[in-house]
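Spelled out, the chains give:
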Amino acid sequence: MDQERLERILLGGQRRYTRLEVAEKTGVPIERATRLWRALGFATVDDNSVVFTDADVEAVRTADQLISSGLLDSKLEVPVTRALGQHLSRLAEWQVHMLWTLITENEGLGQDDKQIERLVEQLVPELQRVQDFVWRRHLAAFAGRALASPEDDLEARTEVAGFVDMVGYTRLTRRLNEAELSEVLERFEALATEIVAEHHGRIVKMIGDEVLFVADAPADAAEIALALTERTSADDTLPDVRAGMASGRILSRFGDVYGSVVNLAARLTSIARPGTILVDRVLAKELATEKGYSVRPRRPASVRGYARLRSFALRRA
């Protein structure tokens, strides 16, 4: 297959410029342009390498205009770029894997370079349209929450953080082949995505055998953990799970969450038994007033960072 032809389709044009020429065309200092390039997750190129396209020039020019207009704080330029690069890198990897699987499983397609080129030419704009739709829907959802409580700090809010992870995952990886392991992970991710969305939560990230989610309402968080525990228990293809949740102020930064509440939820998960859900004292108190739930104290446990960690077992009433 003609690699240059395929590259032009994916990059939206031919490589024409060195990084010095990009800096000259956009008026952006070379040091700053290089910082942004590295933050996106791309390897540094030397001054004489012709690697940039007209689309790259336009992207740098647009980013510079965002900062010049005051819409994006210059201090956030590199962190925002880094977060964008990390998230889109994972998406691109999955999409290329999907395309490669399609080609390798179709013998006729794999032997026809022109057909592959036509497929890529048709597929890329379609993927771009879907991504734009999903992005706009998420923008609308987050904007709706922000405008509903304009007095709230969007960076640090009171929420529930929860971890749910598969028990015995390491042993599972030794026993299953790659295809079987992929099916288990796909099933778990599909269940987690469906249940978290259904109960108004948000998946922060999937970490292999574990999902990290946040929810605004304690009852929503409880339903997510309980439903995911019940659904995996009823599914013969999935191992049991355990969960830990904590409530309090959580720092949200570029799509990820941080703070003592998140760490506490992780520690609670580490001491939970298979099929059980542990919550911290704050969340236990909040759920005690909700109908349909039972919270029972457990003996304090010693875990990393906590000499005597108090926990409560969450069950349906």
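Here's a quick rundown of the structure. It should be emphasised that the depicted structure is a prediction, and the values quoted were computed from it without experimental measurement. (Residues numbered from 1 in each chain as written. Predicted model: local features only at pLDDT ≥ 70, side-chain atom pairs only at ≥ 80, totals over all residues. Heavy atoms only, no water.)

For the rest of this paragraph, the subject is the packing of helix 3 (residues 30-39) against helix 5 (residues 77-104). Interaxial distance between helix 3 and helix 5 falls to 8 Å at its minimum, and their mutual angle equals 35°. Contact with helix 3, carried on its side by Arg-32, Arg-35, Leu-36 and Ala-39, involves Glu-77, Val-78, Thr-81 and Arg-82 of helix 5 and no other residues of that element. The residue makeup of the contact of helix 3 with helix 5, split by class, is 3 nonpolar, 1 polar and 4 charged. (Axes fitted to C-alpha atoms, helices over the stretch in contact; angles between N-to-C directions. Helix = DSSP H or I, 4+ residues; strand = E, 2+ residues; numbered from the N terminus. Contact = heavy atoms within 4.5 Å. Nonpolar A, V, L, I, M, F, W, Y, C, P; charged D, E, K, R; others polar.)

Formed by 37 residues in total, the largest nonpolar core has its most connected members in Met-245, Ile-277, Val-279 and Leu-314. Looking at which element gives the most residues to this core, the answer is helix 9 (residues 178-198), with 8 residues. Contact partners of Ile-277, with chain neighbours within four places excluded, come to Ala-225, Leu-226, Thr-229, Ala-243, Met-245, Phe-312, Ala-313 and Leu-314. With 18 residues, the next largest nonpolar core counts Leu-212, Val-261, Leu-268 and Ala-313 among its residues. (Core = buried A, V, L, I, M, F, W, Y, C linked by side-chain atoms within 4.5 Å. Buried < 20%, exposed > 50% of the residue type's maximum accessible area, 1.4 Å probe, protein only.)

Attention now moves to the layout of surface pockets. Each pocket or cavity is described by its volume, and for the second largest pocket that value is around 160 Å³. Lining of the second largest pocket is provided by Leu-226, Thr-229, Glu-230, Arg-273, Gly-275, Thr-276, Ile-277, Leu-278, Arg-298, Ala-313, Leu-314 and Arg-315. Looking at the lining of the second largest pocket, its residues break down into 5 nonpolar, 3 polar and 4 charged. (1 Å grid on protein atoms, 1.4 Å probe; cavity = no way out; pocket = protein on both sides within 12 Å on 5 of 7 lines; lining within 4 Å. Points joined across faces, edges and corners; volume = space filled by probe spheres on them.)

This paragraph deals with a nonpolar patch on the surface. Judged by side-chain polarity, Val-130, Phe-133 and Val-134 come together as a nonpolar surface patch covering roughly 280 Å² of accessible area. Tracing the backbone through its elements, the reader meets Phe-133 in helix 7 (residues 113-148). Judged by its relative accessible area of 53%, Phe-133 falls in the exposed class. (Patch = residues over 30% accessible without salt bridge, like charges linked within 9 Å, V, L, I, M, F, W, Y side chains within 5 Å. Areas by Shrake-Rupley, 256 points an atom, 1.4 Å probe, with all protein chains shown as cover. Salt bridge = Lys/Arg side-chain N within 4 Å of Asp/Glu carboxyl O.)

In this section: the environment of Pro-300. Following the sequence through the fold, Pro-300 ends up in the loop between strand 7 (293-297) and strand 8 (301-303). By relative accessible area, Pro-300 is classed as partly exposed at 37%. Each C-alpha atom, one on Pro-300 and one on Glu-186, is 35 Å from the other, the two residues being 114 residues apart in sequence.

This part takes up the side chain of Ser-311. Relative to the assigned elements, Ser-311 resides in the loop between strand 9 (306-309) and strand 10 (312-316). Excluding residues within four positions of it along the chain, Ser-311 makes contact with Leu-268, Ile-271, Leu-278, Val-279, Arg-296, Pro-297 and Arg-298.

Moving on: the pairing of strand 2 (residues 201-207). Sheet topology places strand 2 next to strand 3 (residues 210-215); 6 bridges connect them, and they run antiparallel. Within the sheet, the bridge partner assigned to Arg-202 lies in strand 3 and is Val-214. Here strand 2 hands over to strand 3 after 2 residues, with Gly-208 in that stretch at a positive phi of 65°. (Pairing = 2+ DSSP bridges.)

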